[in-house]
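# Remarks on the overall topology
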Amino acid sequence: MIGRLRDLEDLPEVVAPEVADAVRDELEKQVARGVGPDGRPWKLTRDGRRPLRGAAKATSIKAIGSVVVMDLGGPEARHNLGAVRGKVRRPVLPTRRIPDPMVRAIRRVVEQRAIRMLEGR
């Protein structure tokens with residue numbers, strides 16, 4: 001059991017790719033709902049359509065060591081900052097704190113992996 005507890009030292013590096021997948025799933029759900037990371041709906045386009053339907057595809061989410069990096073490119077990045085005509089800001093990526101749905105997804109992944117490691121699987 002002591003050896004298994006010591007293996008938990010490697011948990012951040014081991015779990016990071018799974019966390020990246022969980023974060024991607026949550027981001028895709030967020031974009032599909034047409035809301036920002038805080039849950040607030042994005043302002044509709046001038047013609048009344050839901051904006052940024054392809055924002056999840058413009059996002060790169062990957063694990064580098066024990067860190068999960070999210071990067072947004074294309075015109076979606078400009079919307080994230082509000083640097084578009086009309087100055088309408090439609091945030092895609094969290095900037096201050098990790099949103100609760102992502103926190104729950106991350107916690108679920110980490111807990112499941114830690115349990116498997118402690119059980120020797």
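Residues numbered from 1 in each chain as written. Predicted model: local features only at pLDDT ≥ 70, side-chain atom pairs only at ≥ 80, totals over all residues. Heavy atoms only, no water.

## Side note on the overall build of the protein
Across its full length, the protein carries four helices and two strands. When the helices and strands of the protein are read in sequence order from the N terminus, they spell out α-α-β-β-α-α. Its C-alpha atoms put the protein at 60 × 20 × 20 Å along the principal axes. Here the protein, with 121 residues, has 33% of them falling under the buried criterion. Contacts in the protein between residues far apart in sequence, at least 24 positions, make up 61% of those at least 6 positions apart. Accessible surface computed for the protein: about 8000 Å², of which carbon and sulfur atoms make up 52%. (Helix = DSSP H or I, 4+ residues; strand = E, 2+ residues; numbered from the N terminus. Buried < 20%, exposed > 50% of the residue type's maximum accessible area, 1.4 Å probe, protein only. Contact = heavy atoms within 4.5 Å. Areas by Shrake-Rupley, 256 points an atom, 1.4 Å probe, with all protein chains shown as cover.)

## Concerning unusual backbone geometry
Even without a glycine there, the phi angle at Leu52 is positive, about 55°. Structurally, Leu52 can be placed in the loop between helix 2 (11-33) and strand 1 (59-64). For Leu52, a relative accessible area of 13% translates into the label buried. Of note in this structure, Lys87 is not a glycine but carries a positive phi near 55°. Inspection of the secondary structure puts Lys87 in the loop between helix 3 (74-81) and helix 4 (100-118). For Lys87, a relative accessible area of 67% puts it in the exposed group.

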